[in-house]
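Each chain, written out:
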Amino acid sequence: MCGRYNVTDDPALRALLDYLNVKAAVTEQYNITPTENVPVVRQIGSERELRYMHWWLIPHWLEEPQTTYAMFNARAEGLAESRAFRAPFKRQRCIFPVSSFIEWRAEDGKQPYLIQPVEGALAVAGIWERWGEEGKPEAQIHSCAMITTDAVPGIHKIHARMPVMLPADALSQWLDPAIDGRDLLPLLLPQLPVDVTVQAVERRINNGRVKERPELIGEPELIGRCG
DNA sequence: CCAGACGTTGTT
DNA sequence: GTCTGG
DNA sequence: CCAGACGTTGTT
DNA sequence: GTCTGG
């Protein structure tokens, strides 16, 4: 990606939210770009919730929100050491429900490809922050970033990086704020927890203002979760 | 992530 | 070439 | 000590 | 808020 994805309100995504024991529903969003509000699942104590957050992490110590630095992705490598990321990584982790995401490859310009699970939705690892005065919850901004890692071979043909996709049996640990993030670093490996397809899509979605379902082009390629 | 702007003076 | 906006 | 950074991707 | 560079 790790800078464009889709959220579809379909059985696959609902199944993921059910699995996480989250009741709320999502709104369909296509061609989501950094700085948009996106749904993420987080856990406070033992309570999980779906909450819309600004997709561009705003560290709590900033005087004012800014976009000077690219903060919508956070590299898994160095996450525990990064000044900007390590605090939220420690106890403010979240999951991005993702129906499909987009990667680009240079082919006479930029050709977008849709990566989509064959079955179910993706649980992408993330971190979140809260910015603003403690006493004014309505004025606070919640923000989030997706964690990235090296692409697995099947996806590397398109792009060298990809979001960290968590397997189902890792989700409870990932969301548990009682666990220190540093103890969860082994979860942040390049891996496909499910089979996915990679398929070219129309280039007009390169423009982030286009918010329609992308038209597929050509044949999908199946990438097995083990290769 | 990609696309598109990136600027001023003066007029409506 | 680089920054901003979506 | 204080000031300034704190980031990613992709390309060369 | 905390680390790095000067």
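Scroll up to find the structure this text is about.
Residues numbered from 1 in each chain as written. Chains lettered and ligands numbered in written order. Predicted model: local features only at pLDDT ≥ 70, side-chain atom pairs only at ≥ 80, totals over all residues. Heavy atoms only, no water.

S.K.: For this particular structure, what's the right way to read the overall build of chain A?
M.R.: Assigned secondary structure in chain A consists of 4 helices and 13 strands. Expected size for 227 residues packed as a compact globule is a radius of gyration near 17 Å; at 17 Å, chain A falls within 12% of this value. By its C-alpha atoms, chain A is 55 × 35 × 35 Å across when sized along the principal axes. Of all 227 residues assigned to chain A, the portion counted as buried reaches 52%. Summed over all atoms, the accessible surface of chain A reaches about 11000 Å², with 50% contributed by carbon and sulfur. If the 25 positive side-chain charges of chain A are averaged to one point and the 30 negative ones to another, these points end up 3 Å apart. (Helix = DSSP H or I, 4+ residues; strand = E, 2+ residues; numbered from the N terminus. Rg over C-alpha atoms; globule rule 2.2 N^0.38 Å. Buried < 20%, exposed > 50% of the residue type's maximum accessible area, 1.4 Å probe, protein only. Areas by Shrake-Rupley, 256 points an atom, 1.4 Å probe, with all protein chains shown as cover. Lys, Arg positive; Asp, Glu negative; His and termini not counted. Charge placed at Lys NZ, Arg CZ, Asp CG, Glu CD.)

S.K.: Where do I start with the pairing of strand β8 (residues 110-117) in this structure?
M.R.: Along a regular strand, successive side chains alternate from one face of the sheet to the other. The element β8 is extensively covered by neighbouring structure, given that 6 of its 8 residues are classed as buried. Counting the residues that bridge the hairpin from strand β7 (residues 100-106) to β8 gives 3 residues, and of these D108 lies at a positive phi of roughly 55 degrees. Sheet analysis places β8 next to strand β12 (residues 196-201), joined by 5 bridges and oriented antiparallel. Residue pairing across strands places I115 opposite V198, the latter belonging to β12. (Pairing = 2+ DSSP bridges.)

S.K.: Would you take a moment to explain the protein's contact with DNA strand B for this structure?
M.R.: In the vicinity of DNA strand B lie 10 residues, with G3, R4, F72, N206 and R209 positioned nearest. Restricting the count to atoms of DNA strand B within 4 Å of the protein gives a sugar and phosphate share of 77%. Contacts to DNA strand B include N206, whose backbone N or O atom sits 3.3 Å from a sugar or linking oxygen. Measuring from a sugar or linking oxygen of DNA strand B, one finds a side-chain N or O atom of N207 at 3.5 Å. Looking at side-chain class alone, the surface near DNA strand B contains 4 nonpolar, 3 polar and 3 charged residues. (Near = heavy atom within 4 Å. Polar contact = N/O pair within 3.5 Å; in protein donor to acceptor, adjacent residues only side chain to side chain. Nonpolar A, V, L, I, M, F, W, Y, C, P; charged D, E, K, R; others polar.)

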